[in-house]
Amino acid sequence: MFEFKKTGQQHKNKFMLRAGVAGLLALIGFGLLVFRFWVLQVERHEGLAARADSNRIAVVPIAPRRGEIVDRNGEVLARNY
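As the structure is a computational prediction, the values presented were derived from the model and not from experiment. Here, residues in each chain are numbered from 1, in the same order as that chain's written sequence. The predicted nature of this model means local features are confined to residues of pLDDT at least 70 and side-chain atom pairs, given and counted, to a pLDDT of 80 or more, with totals for whole chains, interfaces and linings taken over all residues. Based on all heavy atoms of the structure, the side-chain values leave hydrogens and waters out of the count.

### Points about the overall build of the chain
Put simply, the rule reads: To qualify as a helix, a DSSP run of H or I must reach at least 4 residues; to qualify as a strand, a run of E must reach at least 2; elements of each kind are numbered from the N terminus. For the radius of gyration, the atoms used are the C-alpha atoms, and the globule rule reads 2.2 Å times the number of residues raised to 0.38. In this scheme, a residue with accessible area under 20% of its type's maximum is buried, one over 50% is exposed, and one in between is partly exposed, where area comes from a 1.4 Å probe on protein chains only. Areas reported as accessible are Shrake-Rupley estimates using a 1.4 Å probe. Residue values count occlusion only from the protein chains shown. The convention is simple: Lys and Arg are positive, Asp and Glu are negative, and His and the chain ends are not counted. Charge positions come from single atoms, namely NZ of Lys, CZ of Arg, CG of Asp or CD of Glu.
Secondary structure summary: the chain contains two helices and two strands in total. For 81 residues, the compact-globule estimate of 2.2 N^0.38 gives 12 Å, and the C-alpha radius of gyration of the chain, at 36 Å, exceeds that figure by more than 25%. Burial statistics for the chain: of 81 residues in total, 1% are counted as buried. Accessible surface, the chain as shown: approximately 8,400 Å² in total, 63% of it carbon and sulfur. One finds the centroid of the 13 positive side-chain charges in the chain at a distance of 19 Å from the centroid of its 7 negative side-chain charges.

Have a look at this one:
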């Protein structure tokens, strides 16, 4: 009976070690994500905002369509030269 408790304690210690390592890795992963978000949102904000505005705003001249003005009989009253 004593050996059963000993092996149970060993399993518990092994589980606690694995859970601690997994928790530490998860904490490191979330820390890296938070650091990257900080870099993108705070440190590189101005450059990325300028790139987004230049990507979004484009000045494209559109020539207006102009045609002839005609009366009800189809005779030209005004032309665009």
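### Thoughts on a nonpolar patch on the surface
Formally: Exposure above 30% relative accessible area and the absence of a salt bridge qualify a residue for a patch, where like charges join within 9 Å and nonpolar side chains (Val, Leu, Ile, Met, Phe, Trp, Tyr) within 5 Å. In what follows, salt bridge is the name for a side-chain nitrogen of Lys or Arg lying within 4 Å of a carboxyl oxygen of Asp or Glu.
A cluster of nonpolar side chains, Leu17, Val21, Leu24, Leu25, Leu27, Ile28 and Leu32, forms an exposed patch at the surface whose accessible area comes to about 740 Å². Tracing the sequence through the fold places Leu32 in helix H1 (residues 2-43). The exposure class assigned to Leu32 is exposed, which follows from its relative accessible area of 57%.

### Observations concerning the pattern of salt bridges
Inspection of every chain in the model, using the stated rule, returns one salt bridge. With its nearest N and O atoms 3.1 Å apart, the salt bridge here joins Arg79 to Glu68. Pair noted here: Arg79 is in the segment after strand E2 (76-78) and Glu68 is in the loop between helix H2 (45-56) and strand E1 (69-70), with a separation of eleven residues, a long-range link. For Glu68, a relative accessible area of 48% puts it in the partly exposed group.

### Observations regarding the environment of Leu77
Stated formally: In what follows, residue pairs with any heavy atoms lying within 4.5 Å of each other are defined as contacts.
Locating Leu77 in the fold gives a position in strand E2. Expressed as a C-alpha distance, the spacing of Leu77 and Leu17, which sit 60 residues apart in the sequence, is 92 Å. If we skip the residues at most four places from it in the chain, Leu77 touches Ile69, Val70 and Asp71.

### Thoughts on the environment of Tyr81
In this structure, Tyr81 sits in the segment after E2. Residues Tyr81 and Arg66, 15 residues apart in the sequence, show an inter-C-alpha distance of 9.8 Å.

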